[in-house]
Amino acid sequence: MAELWSAISAALPVTEAEFPLDFSEKVEPCVVDVLQRCRQQLYTGREKLNTGTWRDVDKEWRCLYSYGCLFKVAALCRDDASPATVQEAIRTCDLGLLMGAAIMDNILQTFVRILQNEMGKSHSNEEDPSEGVSAKCLWSSRLWQYQGCPSLESFKKDYLDPQKPVILEGIIDHWPAFKKHPWSPLPLPSHSPLDTSTLLTINEFIDRYIVVKDASSLGYLAQHQLIDQVPELKDDIRIPDYCCLGEGDEDDITINAWFGPGGTVSPLHQDPQQNFLAQVSGWKYIRLYSPEDTEKLYPPQLQLLHNTSQVESPDVVRFPEFVKAPYLECVLQPGEVLFIPVKHWHYVRSLELSFSVSFWWS
Ligand SMILES: O=C(O)CCC(=O)C(=O)O
Ligand SMILES: [Fe+2]
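Residues numbered from 1 in each chain as written. Chains lettered and ligands numbered in written order. Predicted model: local features only at pLDDT ≥ 70, side-chain atom pairs only at ≥ 80, totals over all residues. Heavy atoms only, no water.

The name an unreviewed UniProt entry assigns to the chain is JmjC domain-containing protein 5, from the organism Hucho hucho. In its Cofactor (unreviewed entry) section, the UniProt entry covering the chain states "Fe(2+)". (UniProt positions renumbered as here; feature names shortened; annotations may be inferred.)

K.L.:
Lay out the overall build of the chain in plain terms, naming residues and giving numbers.
P.N.:
Across its full length, the chain holds nine helices and 10 strands. Across the 362 residues that make up the chain, the buried fraction comes to 44%. (Helix = DSSP H or I, 4+ residues; strand = E, 2+ residues; numbered from the N terminus. Buried < 20%, exposed > 50% of the residue type's maximum accessible area, 1.4 Å probe, protein only.)

K.L.:
Can you explain the nonpolar core? Please cite residues and give values.
P.N.:
Phe23, Tyr67, Leu70, Phe111 and Leu115 are the most contacted members of the largest nonpolar core, which totals 39 residues. Those elements that place two or more of their residues in this core are helix 1 (2-11), helix 2 (29-44), helix 3 (59-78), helix 4 (83-99) and helix 5 (107-123). When residues of this core are assigned to their parent elements, the largest contribution, 11 residues, is made by helix 3. Sequence-distant contacts of Tyr67, defined by excluding residues within four places in its chain, comprise Phe19, Pro20, Leu21, Phe23, Leu35, Ile103 and Met104. Membership of the second largest hydrophobic core comes to 31 residues, among which are Val280, Phe339, Phe355 and Trp361. (Core = buried A, V, L, I, M, F, W, Y, C linked by side-chain atoms within 4.5 Å. Contact = heavy atoms within 4.5 Å.)

K.L.:
How would you explain the coordination of the iron ion (ligand 2) if you had to name every residue and give the values?
P.N.:
Working reference: metal with six octahedral donors, ideal angles 90 or 180 degrees; metal with four tetrahedral donors, ideal angle 109.5 degrees. Bound to the iron ion (ligand 2) on the protein side are His269 (NE2), Asp271 (OD) and His346 (NE2), at distances that span 2.1 Å. Positions of the donor residues of the iron ion (ligand 2) along the chain correspond to the pattern H-x1-D-x74-H. Here His346 lies in strand 9 (residues 345-350) and His269 lies in strand 4 (residues 265-269), a separation of 77 residues in the sequence. (Donors = N, O, S within 2.8 Å, 3.2 Å for Na, K, Ca; no water.)

K.L.:
Please give an account of a negative patch on the surface that cites residues and values.
P.N.:
A cluster of acidic residues, Asp249, Glu250, Asp251 and Asp252, forms a negative patch on the protein surface. The topology assignment puts Glu250 in the loop between helix 8 (226-229) and strand 3 (254-260). (Patch = residues over 30% accessible without salt bridge, like charges linked within 9 Å, V, L, I, M, F, W, Y side chains within 5 Å. Areas by Shrake-Rupley, 256 points an atom, 1.4 Å probe, with all protein chains shown as cover. Salt bridge = Lys/Arg side-chain N within 4 Å of Asp/Glu carboxyl O. Lys, Arg positive; Asp, Glu negative; His and termini not counted. Charge placed at Lys NZ, Arg CZ, Asp CG, Glu CD.)

K.L.:
Quick rundown of helix 1? Include the residues and the values.
P.N.:
Three or more residues of helix 1 are buried, namely Leu4, Trp5 and Ile8. Angular distribution of buried residues about the axis of helix 1 spans 95°; they occupy a single face of the element. Exposed and oriented more than 90 degrees from the buried face of helix 1 are Ala2, Glu3 and Ala10. (Arc of directions from axis to C-beta.)

This is the structure we're talking about:
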């Protein structure tokens with residue numbers, strides 16, 4: 001662990017004089033004074049630092065929070081850090097990244113890389129992480145499928161222009177998420193109860209929800225801009241080339257992560273942009289309805305159709321038209337990408353622990 005401290009301290013400026021702590025008068029001198037004393041401790045002392053509570057105010061205060069996290073991580077890693085302490089340091093960085101602001105070339109991100117590397121060393125002798133993945137579902141109602149990846153022209157002509165959904169295969173196989181360092185679920189600690197309004201780091205979300213057995217308390221990290229929050233993940237995925245057929249810039253593409261255990265449901269809804277829903281891990285059952293059939297879906301009462309049984313076997317008496325609406329269904333597998341044309345209604349249920357990435361574009 002002395003090695004860990006060497007790595008952490010190597011990421012810091014070499015001398016105290018090179019360590020920036022520039023705040024305007026918005027931050028009271030006594031607070032800056034505390035930071036300065038912490039900085040001094042970092043270079044000379046051995047004291048641990050406690051950070052204060054974060055408040056959603058000015059960017060400068062968020063920077064301040066990040067500095068607090070930085071000092072805390074440094075203090076945690078300074079002496080022999082146990083795996084639990086390294087976890088605590090990662091959690092501290094996560095909180096800094098989540099609630100603070102990028103400081104010193106996003107040093108908390110650098111710390112996370114170092115700390116994850118350290119965790120990797122202690123995990124490497126443990127059992128195969130993919131062992132926890134549940135058996136594949138045998139559902140096979142794959143009514144439609146495109147075998148292969150069409151050229152840009154044929155995708156435009158056959159699917160984009162006529163707004164026809166399709167499953168594309170072989171367009172994300174090259175993602176590092178599959179090849180270089182495949183994303184896979186890790187064995188995880190057990191569930192503990194949670195107040196719904198609690199702010200969670202990604203790790204806490206995983207700890208609390210991903211291994212939940214009780215269907216009534218499933219957690220779903222849905223429509224989460226994870227990629228913006230953890231920029232390293234962006235290196236593991238690629239924006240599908242077909243998005244260039246849209247009129248918007250690449251910067252206008254919204255990338256969302258969808259991560260949860262089997263059984264999570266995204267109720268029937270439509271989105272205002274074209275969508276490529278890319279399945280990275282696990283299987284997902286998806287149902288699609290055309291916008292032309294919107295009135296059969298009882299839009300004002302959609303909340304009544306939210307739960308699984310009502311969409312998959314609707315109440316014929318209450319929703320007689322709903323059962324008449326034609327739909328497409330599929331089970332999306334890892335490596336497949338579903339094109340959901342703009343405004344197409346979709347209902348999604350994960351069949352097992354699942355990770356998907358969606359690209360909303362236009
Ligand atoms: O995968 C899901 O649960 C829902 C995905 C979705 O609604 C979307 O990508 O727009
Ligand atoms: Fe959606």
